[in-house]
Amino acid sequence: MKKKIWLSSPHMGGTEINYVKEAFDTNWIAPLGPNVDGFEESLENYTGAVHAAALSSGTAAIHLALILLGVKPGDEVIASSFTFSATVNPIIYLGARPILIDSETDTWNMCPEMLEKAIKDRISKGKKPKAIIPVYLYGMPAKIDEIMEIAGRYEIPVVEDAAESLGSTFNGKAMGTFGIMGVLSFNGNKIITTSGGGALISDNEELIKRSRFLATQALDEAPHYQHSEIGYNYRMSNVVAGIGRGQMEVLDQHIALHRANFEFYSKHLAEFEGISFLKEPGEAYFSNHWLSCITVDPDRTGGVTRDDIRLALAAENIEARPLWKPMHLQPVFKDHPFYGDGTSEKLFESGLCLPSGSNMNDEDRHRILQTIINILTLP
Ligand SMILES: *Cc1c(COP(=O)(O)O)cnc(C)c1O
């Protein structure tokens, strides 16, 4: 069996273990401590957000953000349909209803026109949405200037799901810092990982303070255990935060490597008809290119489909995956309102994520490329 090439696997820089060892040496084996503080500080410095709370996962961060915005049973929350289920699940946790928005074709993220159409329609039906959750898939910023303009006009707060886009910017500003709150994830396959973890970032000190309070079981200040609110156990462990501190030292390197993977694929596959890339649509956009993604048009590839490429790679022990299956097509969400024109459905049917790890070497890249070229040039 040839060596397995993963879509995106953890890539340690080397210093992570020192921070973890420090946690052991000082017995800070707890959901608080110097690594948590240090990791939060480096997230603030890196993103430019004034405050950051390190949490147990990105999903927990979305859940807390919606609680902080007062989302209650029966409320409606707008989200991108083309995403991972973790964007939408917390809406359901709160008994609220997701309103799903289709993608546009430039960035594959939330379509501003559909967003405004949905807001108008929901308001006309008597319910103004409580929040909007845009997502930056595969690292690509959305048309966030247009989304913020619309959200501002209707006075609806924006929570950015930047789980896949740490290090990506729009007009030089970090994704996750446009809305009232932003969400980051450090799950195992993200651009940096803490094995599992997330963060909530915001310029609003009160919101982040409250997120830390709710994430530590909503403990009131008292010598005994006193609770006036329902809490959650969502804080990040100080051991895990040590991994995060080390990973922050190599984040820029990882971004450069992910972007180099994208350059490699797009350069070498440019000559093949029917293969298109998710690429930055203009100067304003800077993507971390977490995953390099293509769409395959069999009418122009001589009949070769997305699945032909995926299966050819699988036969070589190389992992590639279809793009996210939109939430409005998921059995669990299909009965919720959807505003769209078929864009994300088409992307799902024709799109493929190529292996994009920052730890791939030249040999890996050439093995992947050769497999794709072989299937595209089969007589
Ligand atoms: C990974 C991811 C999440 C969830 O983050 P976790 O840390 O795994 O809970 C949310 N949204 C998107 C778009 C993601 O890719």
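Owing to the predicted nature of the structure, the values given are computational and were not obtained by experimental measurement.

**Focus on the domain arrangement of the protein chain**
Thought 1: According to the domain assignment, the protein chain consists of domain 1 (16-250) and domain 2 (252-376).
Thought 2: Once you take the C-alpha centre of each, domain 1 and domain 2 turn out to be 26 Å apart.
Thought 3: The interface of domain 1 with domain 2 comprises 47 residues on the first partner and 39 residues on the second.
Thought 4: Here domain 1 meets domain 2 over a buried area of about 3900 Å², counting both sides, of which 64% is carbon and sulfur.

**Quick notes on the environment of Ile309**
Thought 1: Mapping Ile309 onto the fold places it in helix H10 (residues 306-315).
Thought 2: The buried category is assigned to Ile309, whose relative accessible area is 0%.
Thought 3: Taking the C-alpha atoms as reference points, Ile309 and Glu146, separated by 163 residues in sequence, lie 35 Å from one another.

**Digging into the site of the ligand**
Thought 1: The ligand sits among 15 residues. The nearest are Thr59, Glu164, Ser185, Asn187 and Lys190.
Thought 2: Here Lys190 contributes a side-chain N or O atom positioned 3.1 Å from an oxygen atom of the ligand.
Thought 3: Gly197 places a main-chain nitrogen or oxygen 3.4 Å from an oxygen atom of the ligand.
Thought 4: Contact with the protein chains covers 95% of the free accessible surface of the ligand, which is 380 Å².
Thought 5: For the shell around the ligand, the residue count by class is four nonpolar, eight polar and three charged.

**Digging into helix H6 (residues 144-153)**
Think of an α-helix as turning once every 3.6 residues; residues three or four places apart then point the same way.
Thought 1: Turning to H6, its buried residues are Ile144, Ile147, Ile150 and Ala151. End-on view of H6: buried residues confined to an arc of 125°, all on one side of the axis.
Thought 2: Looking at the buried residues of H6, the elements they touch are helix H5 (112-124), strand S4 (131-133) and strand S6 (169-170).
Thought 3: Following H6 by one or two positions, Glu155 has its phi on the positive side, about 55°.

**Some thoughts on the environment of Ser350**
Thought 1: Among the secondary structure elements, Ser350 is positioned in helix H11 (residues 343-350).
Thought 2: Residues Ser350 and Glu160, spaced 190 residues apart in sequence, show a C-alpha to C-alpha distance of 26 Å.
Thought 3: Of note is the side chain of Ser350, whose polar atom sits 3.0 Å from the backbone oxygen of Lys346.

**Quick look at the side chain of Ser287**
Thought 1: Structurally, Ser287 can be placed in the loop between strand S11 (285-286) and strand S12 (292-296).
Thought 2: On the basis of relative accessibility, which here comes to 1%, the residue Ser287 falls in the buried class.
Thought 3: Excluding anything up to four places from it in sequence, Ser287 contacts Tyr138, Gly139, Met140, Pro141, Ser168, Arg259 and Glu280.

**Quick notes on unusual backbone geometry**
Thought 1: Unlike most non-glycine residues, Ser195 shows phi in positive territory, near 85°.
Thought 2: One can find Ser195 in the loop between strand S8 (181-185) and strand S9 (198-202).
Thought 3: The class of Ser195 is exposed, set by a relative accessible area of 52%.
Thought 4: Look at Ala218: it is not a glycine, yet its phi comes out positive at around 50°.
Thought 5: Structurally, the position occupied by Ala218 is in the loop between helix H7 (205-215) and helix H8 (238-248).

Calculation rules
- Residues numbered from 1 in each chain as written.
- Predicted model: local features only at pLDDT ≥ 70, side-chain atom pairs only at ≥ 80, totals over all residues.
- Heavy atoms only, no water.
- Domains from an automatic or database assignment.
- Contact = heavy atoms within 4.5 Å.
- Buried area = accessible area lost by both parts, 1.4 Å probe.
- Helix = DSSP H or I, 4+ residues; strand = E, 2+ residues; numbered from the N terminus.
- Buried < 20%, exposed > 50% of the residue type's maximum accessible area, 1.4 Å probe, protein only.
- Near = heavy atom within 4 Å.
- Polar contact = N/O pair within 3.5 Å; in protein donor to acceptor, adjacent residues only side chain to side chain.
- Areas by Shrake-Rupley, 256 points an atom, 1.4 Å probe, with all protein chains shown as cover.
- Nonpolar A, V, L, I, M, F, W, Y, C, P; charged D, E, K, R; others polar.
- Arc of directions from axis to C-beta.

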